[in-house]
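Inside the fold
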Amino acid sequence: MGTTDYDPFNELTAPPPDETPMDKAIREQRELEARRVSDKIDEEIKLEKAALKKQKGTVRVLLLGQSESGKSTTLKNFRMRYARTQWKQERLSWRSVIQLNLVRSIITITETLQSEMDNEPIESIPDDPTSPSTSYAYSYTDSRALRKPSNNSRSGTPTPESGLTGKHQLLKLRLGPLRRVEADLKKRLGAGAYEDDGKSIDPRTGQLLQKRSTREFGVRLLQDALEKGSAVPYRPGTANARALHSNSNAAQGEGEGEVDIDDATEIIASLKEDMQALWMDGAVKSVLKRRGLRLEDSAGFFLDDLDRIATRTYQPSDDDVVRARLRTLGVQEYRIQFEQPAKENNFLPCTSSSSSLLPVKTNNAVSALQDFGKEWILYDVGGSRTMRHAWVPYFDNVNAIIFLAPISCFDERLLEDPTVNRLEDSFLLWSKVCSSKLLGKATMILFLNKCDLLKRKLKSGVMLKDYLPNFGERSNDAATVVKYLREKFKDILKQRSPEPRVSYFYPTSVTDTKATSTTLKTVRDSILREHLKSADFV
């Protein structure tokens with residue numbers, strides 16, 4: 001039987017035998033348009049597949065915890081270790097923030113001395129295990145808003161009982177220009193915003209009184225603030241700075257005018273010896289202790305580094321940036337393209353419980369995974385009570401939660417609500433996060449943070465059982481306390497999780513960059529391993 005060239009498809013697509021030239025032109029135009037639409041659809045499908053593939057390989061991590069729990073510091077550690085190029089470019093921009101931290105500490109001390117000179121009563125709350133001291137309230141806040149009005153005359157004369165003399169009064173006046181430096185640095189960093197959600201408590205009855213402002217300078221977007229803070233180049237020895245330092249009106253902090261950012265550096269440097277004299281003075285330290293003010297335990301503390309920071313050529317170190325405090329009021333999003341060290345190339349996370357990495361042979365499949373999990377998006381959200389409603393939109397498609405619980409705060413209250421114990425608030429917040437169905441498949445990572453402060457506090461004689469009666473007669477040392485609290489957080493996770501999930505618990509002091517770097521490598525490997533599992537790669 002012979003072959004034939006008959007093709008039924010050609011018969012279907014062949015033009016009509018009686019097609020006129022005009023009909024042919026119309027038909028060809030329709031076919032051309034159909035091909036254009038088809039090609040466009042194919043391209044859109046290709047782009048959607050590529051975007052979906054990229055999205056599937058992106059790791060999303062949400063940092064949660066109450067205000068001043070260490071979220072921003074953890075994020076800094078992540079960026080310092082895994083986005084080193086970007087970190088180095090940004091580091092100098094933190095100088096204005098660190099200077100502001102330093103100035104705020106000095107101003108807080110001078111205001112406390114003024115309170116002592118004016119015989120203002122010390123704010124106190126009746127001793128109650130569930131109502132700890134309020135020394136936390138001065139952690140980088142506007143202490144002018146925390147002082148109670150006094151019935152005594154505001155003479156400002158040092159009293160013999162306080163140990164303060166005319167020398168301290170003169171020192172306080174000499175440091176007056178720092179108020180204008182503070183105002184200028186705030187302006188340079190951004191207009192700022194303040195929360196007014198604290199409450200005052202009657203020290204006799206424990207009853208809530210009128211609302212009390214807990215003003216703290218903050219910025220909406222950290223990156224914008226850093227760019228503004230570094231916008232003016234440094235110019236040493238300006239005449240404006242020298243004139244301000246010698247101006248008697250400025251010495252009392254009441255003069256008008258504005259200080260340039262380079263002038264702020266000049267003034268801080270010129271007042272270094274006065275700041276050192278204030279901080280090292282024995283009578284001043286006695287007043288701070290009596291009034292429950294421990295600046296050294298607060299974020300953004302740099303008074304022990306005055307020799308290095310209060311200079312005209314100061315440049316921030318990595319540790320300085322990690323320790324710096326700048327409150328953020330919105331959600332901060334950071335994209336990190338991991339700069340993979342050469343020794344970690346061609347490695348994939350293992351599927352065992354260990355966080356070690358197993359070498360594998362390089363092939364096409366492995367090559368396809370080279371960029372998987374390379375891009376991370378980390379969200380740092382505000383932790384105060386008035387900002388927690390903003391968390392929920394970021395719960396969707398999150399791969400992991402890093403929750404920071406500052407366990408040294410067992411004897412402190414929330415700044416925005418002094419009736420609530422900070423550790424109890426962390427327990428309640430952890431419980432809500434664990435019970436969220438939106439986060440049911442997210443890897444849970446808990447940082448039991450501020451272990452360094454916990455150890456110092458316990459050594460000073462503060463007893464955990466006075467605040468957590470169930471702790472009983474266990475040994476009041478850091479290791480025992482950390483183990484006890486870790487088990488409590490584990491129990492909450494087990495009871496509240498909608499389904500079994502992967503979880504990791506780490507005792508941390510995130511201001512210790514070396515130790516935190518090791519922890520973050522383990523955390524990164526753990527998150528990436530679970531991400532690969534969910535993507536069906538392992």
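These notes cover the structure that comes with them. Since this is a predicted model, take the numbers as computed values, not measurements.

The next thing to look at is the overall build of the protein chain. The helix and strand tally for the protein chain stands at 20 helices and 12 strands. In the protein chain, which comprises 538 residues, the proportion classed as buried is 50%. Considering only contacts in the protein chain between residues 6 or more positions apart, those separated by 24 or more positions represent 81%.

Of all six residues in strand β1 (residues 59–64), six are buried; the element is thus mostly enclosed. Every second residue of β1 is oriented toward a common face, with V59, V61 and L63 on one face and R60, L62 and L64 on the other, all of them buried. The pairing of β1 with strand β9 (residues 375–380) spans five bridges and is classified as parallel. Paired with V61 across the strands is L378, a residue of β9. For β1 and strand β10 (residues 400–406), the ladder comprises four bridges, and the chain directions are parallel. Considered in β10, the bridge of L62 is made with I401.

Where helix α5 (residues 95–117) contacts helix α7 (residues 178–189), the two axes come as close as 9 Å, and the packing angle between them is 145 degrees. For α5 against α7, the interelement crossing comes out left-handed. Every residue of α7 that contacts α5 at S96, V97, Q99, L100, V103, R104, I106, I107, T110 and E111 is listed here: L178, R179, V181, E182, L185, K186 and L189. When its residues are assigned to classes, the contact of α5 with α7 shows nine nonpolar, three polar and five charged.

Our next topic: the environment of N399. Turning to its location among the elements, N399 is positioned in the loop between β9 and β10. With residues up to four places along the chain from it excluded, the contact list for N399 reads T58, V59, R60, A442, T443 and H531. Polar side-chain contacts of N399 include one of 2.7 Å to the backbone nitrogen of R60.

On to the side chain of T508. As for its placement among the helices and strands, T508 is situated in the loop between β12 (503–507) and α20 (513–534). Sequence-distant contacts of T508, defined by excluding residues within four places in its chain, comprise F447, L448, N449, K450, C451 and T519.

Turning our eyes to something else, we now look at the sheet that holds β9. With mixed pairing, six strands are arranged side by side in an open sheet as β6-β9-β1-β10-β11-β12. Every interior strand has two partners, whereas the edge strands, β6 (332–337) and β12, have only one. Strand after strand, the sheet turns through a mean of 20 degrees between neighbouring axes, direction not considered.

The topology assignment puts K285 in helix α13 (residues 282–290). When the C-alpha positions of K285 and I109 are compared, they lie 9.4 Å apart, and in sequence the two are 176 residues distant. With residues up to four places along the chain from it excluded, the contact list for K285 reads W279 and M280. A distance of 3.2 Å separates a polar atom in the side chain of K285 from the backbone oxygen of W279.

Another aspect to go through is the packing of aromatic side chains. All told, the structure shown has 10 aromatic pairs when counted by the stated rule. For the pair W430 and F489, a centre-to-centre distance of 6.0 Å together with 80 degrees between the ring planes defines the contact as edge-to-face. Of this pair, W430 sits in helix α17 (residues 422–435) while F489 sits in helix α19 (residues 478–496); the two residues are 59 residues apart in sequence, bridging distant segments of the chain. Considered together, W430 and F489 belong to a single accessibility category, that of buried residues. Ring geometry for F471 versus Y484: centroids 5.1 Å apart, planes at 80 degrees, classification edge-to-face.

This part covers helix α18 (residues 451–459). Taken together, the buried positions of α18 are occupied by C451, L453, L454, K457 and L458. For α18, the angular spread of the buried residues around the axis is 155 degrees, confining them to a single face. Looking at the buried positions of α18, the neighbouring elements they touch are β11 (443–449), α19 and β12. Looking at the residues trailing α18, positive phi occurs at G461, about 110 degrees.

What counts and how
- Once a new chain begins, its residue numbering starts again from 1 and follows that chain's sequence as written.
- At least 70 in pLDDT is required for a residue's local features to be given in this predicted model, at least 80 for side-chain atom pairs to be given and counted, and no such filter applies to totals for whole chains, interfaces and linings, which use all residues.
- In computing side-chain values, all of the structure's heavy atoms are included and hydrogens and water are not.
- Each helix is a run of DSSP H or I of at least 4 residues and each strand a run of E of at least 2, with the numbering of both proceeding from the N terminus.
- Only protein chains enter the accessibility calculation, which uses a 1.4 Å probe. A residue is then buried if its area is under 20% of the maximum for its type, exposed if over 50%, and partly exposed in between.
- Working rule for contacts: check all heavy atoms of both residues, and any pair within 4.5 Å makes them a contact.
- Paired strands, as defined in this entry, are two strands with at least two bridges between them according to DSSP.
- The angle between two axes is taken between their N-to-C directions and runs from 0 to 180 degrees, where each axis is a line fitted to C-alpha atoms and a helix contributes only its stretch in contact.
- The hand of a helix crossing depends on one turn: near helix anticlockwise from the far one by less than a right angle means left-handed, and clockwise means right-handed.
- Under the scheme applied here, ten amino acids are nonpolar (Ala, Val, Leu, Ile, Met, Phe, Trp, Tyr, Cys and Pro), four are charged (Asp, Glu, Lys and Arg), and all others, including Gly, are polar.
- Contacts described as polar in this section are N or O atom pairs within 3.5 Å, which, within protein, must combine one atom able to donate a hydrogen with one able to accept it, while residues neighboring in sequence count only if both atoms come from side chains.
- Any two rings among Phe, Tyr and Trp, with Trp reduced to its six-membered ring, count as a pair given centres within 6.5 Å; such a pair is stacked if its planes are under 30 degrees apart, edge-to-face if over 60, and tilted if neither.
- What the arc measures is the spread of directions leading from the helix axis to the C-beta atoms.

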